[in-house]
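Take a look at the letters that make up each chain.
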Amino acid sequence: MIIFTLRRLNLLLFTVLLLTLLSFSLSYLFPGDALINLSGEINATPAQLAILSDEYRHQENIFMQYWAYLSHVFSGDLGISMASHLPIIEEIKILLPATIELSLAALLLAMFVGVPIGFIAAIKHEKLADNIILTVAMFGYSIPVFWLGLLAILVFSIQLGWLPSAGQISLLYEIKHVTGFQIIDILLSDSAYKWQAFQNATAHMILPTVVVALAPATIFVRLARTAMLEVLDKSYIRAAKAKGLSFGQIIYHHAIRNAMVKVIRDVGLQFANLVTIAMVTEVIFSWPGIGRWLIESIYQRDYTAIQSGLLMLSSFIFLVHIITDFIYAALNPLARESNHGA
């Protein structure tokens, strides 16, 4: 396990360095001065620009400039937003928890819905239920997320009036910012209207969570179905049948647990896809997350925010992928061997 951990940490470090190299390169690819693109100080005086040039070693070779940029990044200095004129690290601290909250809720929903349905499809292999599930999954995966989001708002918010259409919580509730996660901050609050605020925040989360979760849920259906079919074809399943165990006992005591291990292996990859969907959904539902902020930064040509936002979001996605690898390795000892997960 130690060797597996060291390999994963080396991979994380190498990937982060590649991401910083890409982010640093964008400052030269974007229009404008590379120093301003890095620092975000668009209204800096000549004296301030001279100080920035010295801090970022802009007069030295490209390797020293990259080293200076790395020093700023790992010290938490991601520059200043050209649009809001606020430190980008502070904006990310406020916005990233909202994206994490939405993404994790959607991931859990996608797994709790998609995985059992996928298992049912495998158990009913090549029967009517299997064909219906695969058809519905394919249809759900092909629905564009922006169309689904607008349709959900039209039906459930405008026509039926069941759920709110935008935002994270009603403006009537003032919740103190503690962790940045809305639900957790509400539960930690000592406000008299805490439970009303909790219900309101939950209602705001339902529509965007369902919209984000739909496509990953259909993928989990297929992953779970494939994993269960592979497990049911194993020799230990045939041995269990030969011992006289019923089909239900084989499924509940042997097949589900081993199939889940195979599904967990792909959770990290699906999380990256889920965050991409969440970025579009945040714009549709005015969700105050980093995805919406990034898209607005593109429209505003806030190059410093684009660089730093992509760097932080990509690093977070890869960190989730690494954590998933550790969970998979803990459940499957074979994954820790040198010829697995290299």
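Note that the structure is predicted; figures quoted are calculated from it, not measured. (Residues numbered from 1 in each chain as written. Predicted model: local features only at pLDDT ≥ 70, side-chain atom pairs only at ≥ 80, totals over all residues. Heavy atoms only, no water.)

Focus: the overall build of the chain
Link 1 in the chain: The helix and strand tally for the chain stands at 14 helices and zero strands.
Link 2 in the chain: Tracing the chain from N to C terminus, the helices and strands come up as α-α-α-α-α-α-α-α-α-α-α-α-α-α.
Link 3 in the chain: Principal-axis analysis of the C-alpha atoms places the extent of the chain at approximately 85 × 55 × 40 Å.
Link 4 in the chain: Taking all 342 residues of the chain together, 47% fall into the buried category.
Link 5 in the chain: In the chain, once contacts between residues fewer than 6 apart in sequence are set aside, the share between residues at least 24 apart is 70%.
Link 6 in the chain: Accessible area of the chain: about 18,200 Å², with a carbon and sulfur share of 67%.
Link 7 in the chain: Counting 20 positive and 22 negative side-chain charges, the chain places the averaged centre of each group 19 Å from the other. (Helix = DSSP H or I, 4+ residues; strand = E, 2+ residues; numbered from the N terminus. Buried < 20%, exposed > 50% of the residue type's maximum accessible area, 1.4 Å probe, protein only. Contact = heavy atoms within 4.5 Å. Areas by Shrake-Rupley, 256 points an atom, 1.4 Å probe, with all protein chains shown as cover. Lys, Arg positive; Asp, Glu negative; His and termini not counted. Charge placed at Lys NZ, Arg CZ, Asp CG, Glu CD.)

Brief notes about the nonpolar core
Link 1 in the chain: Counting residues in hydrophobic clusters, the biggest one holds 77 residues, and the most contacted among them are Phe220, Met228, Trp293 and Leu313.
Link 2 in the chain: Here this core spans two domains, and each of domain 1 (2-74) and domain 2 (88-336) adds at least three residues to it.
Link 3 in the chain: Not counting residues up to four positions away in its chain, the partners in contact with methionine 228 are Phe119, Ala122, Ile251, Ala255, Ile256 and Ala259.
Link 4 in the chain: Core analysis: the next-biggest nonpolar cluster, separate from the first, contains six residues, Leu26, Phe30, Ile36 and Ile306 among them. (Core = buried A, V, L, I, M, F, W, Y, C linked by side-chain atoms within 4.5 Å. Domains from an automatic or database assignment.)

A word on helix α6 (residues 128-142)
Link 1 in the chain: Here α6 contains 15 residues, and its C-alpha end-to-end distance of 21 Å stays within 8% of the 21 Å for a straight helix at 1.5 Å per residue.
Link 2 in the chain: For α6, every residue scored as buried is listed here: Asp130, Ile133, Ala137 and Gly140. End-on, the buried residues of α6 take up no more than an arc of 100°, which puts them together on one face. Set apart from the buried face of α6 by more than 90 degrees, the exposed residues are Leu128, Thr135, Phe139 and Ser142.
Link 3 in the chain: For α6, the secondary structure elements touched by its buried residues are α5 (88-123) and α9 (194-232). (Expected span 1.5 Å × (residues − 1). Arc of directions from axis to C-beta.)

Things to note about the pattern of salt bridges
Side chains that carry opposite charge are capable of pairing whenever their charged atoms lie near each other.
Link 1 in the chain: Per the stated rule, a full pass over the model turns up three salt bridges.
Link 2 in the chain: With a closest N to O distance of 3.9 Å, glutamate 90 and lysine 93 form a salt bridge. Here lysine 93 and glutamate 90 lie together in helix α5, a separation of three residues that amounts to about one turn.
Link 3 in the chain: Of the charged contacts in the structure, one is a salt bridge between arginine 225 and aspartate 130, with a shortest N-O distance of 2.9 Å. Highlighted residues: arginine 225 in helix α9 and aspartate 130 in helix α6, separated in sequence by 95 residues. Summarising the burial analysis for this pair, arginine 225 and aspartate 130 share the class buried. (Salt bridge = Lys/Arg side-chain N within 4 Å of Asp/Glu carboxyl O.)

Notes on the packing of helix α1 (residues 2-29) against helix α14 (residues 303-331)
Link 1 in the chain: At a closest axis distance of 10 Å, the pairing of α1 and α14 adopts a crossing angle of 165°. By the angle between their axes, α1 is roughly antiparallel relative to α14. Judged by the sense of rotation from one axis to the other, the crossing of α1 with α14 is right-handed. Residues Phe4, Thr5, Arg8, Leu11, Leu12, Thr15, Val16, Leu19, Thr20, Ser23, Leu26 and Ser27 of α1 touch α14, and the partners they reach there are Gln307, Leu311, Ser314, Ser315, Phe318, Leu319, Ile322, Asp325, Phe326 and Ala329. (Axes fitted to C-alpha atoms, helices over the stretch in contact; angles between N-to-C directions. Parallel < 35°, antiparallel > 145°, perpendicular 65-115°, else oblique. Left-handed = near helix turned anticlockwise from the far one by under 90°.)

Let's talk about the domain arrangement of the chain
Link 1 in the chain: Domain boundaries in the chain define domain 1 (2-74) and domain 2 (88-336).
Link 2 in the chain: Taking only C-alpha atoms into account, the centre of domain 1 sits 32 Å from that of domain 2.
Link 3 in the chain: Facing the 22 residues of domain 1 at the interface are 15 residues of domain 2.
Link 4 in the chain: At the junction of domain 1 and domain 2, the tally comes to zero salt bridges.
Link 5 in the chain: At the boundary of domain 1 with domain 2, the tally comes to three residue pairs in polar contact (both at pLDDT 80 or more).
Link 6 in the chain: For the side of domain 1 that touches domain 2, the secondary-structure elements that each account for two or more residues are α1, α2 (34-39) and α4 (62-74).
Link 7 in the chain: If one sorts the elements of the side of domain 1 that touches domain 2 by residue count, α1 sits on top with 13 residues.
Link 8 in the chain: Looking at the side of domain 1 that touches domain 2 residue by residue, the class counts come to twelve nonpolar, eight polar and two charged. (Polar contact = N/O pair within 3.5 Å; in protein donor to acceptor, adjacent residues only side chain to side chain. Nonpolar A, V, L, I, M, F, W, Y, C, P; charged D, E, K, R; others polar.)

A look at the environment of alanine 122
Link 1 in the chain: As for its position among the elements, alanine 122 is in helix α5.
Link 2 in the chain: Alanine 122 sits 20 residues away from serine 142 along the chain, and the two C-alpha atoms are 22 Å apart.

What to know about the packing of α1 against α4
Link 1 in the chain: Orientation of α1 relative to α4, taken along the N-to-C sense of each, is 115°, at an axis distance of 10 Å. Between α1 and α4, the crossing angle belongs to the class labelled roughly perpendicular. Judged by the twist between their axes, the crossing of α1 over α4 is right-handed. Of the residues in α4, those in contact with Val16, Leu17, Thr20, Leu21, Ser23, Phe24 and Tyr28 of α1 are Ile62, Gln65, Tyr66, Tyr69, Leu70 and Phe74.
Link 2 in the chain: Tallied by class, residues from the contact of α1 with α4 come to ten nonpolar, three polar and no charged.

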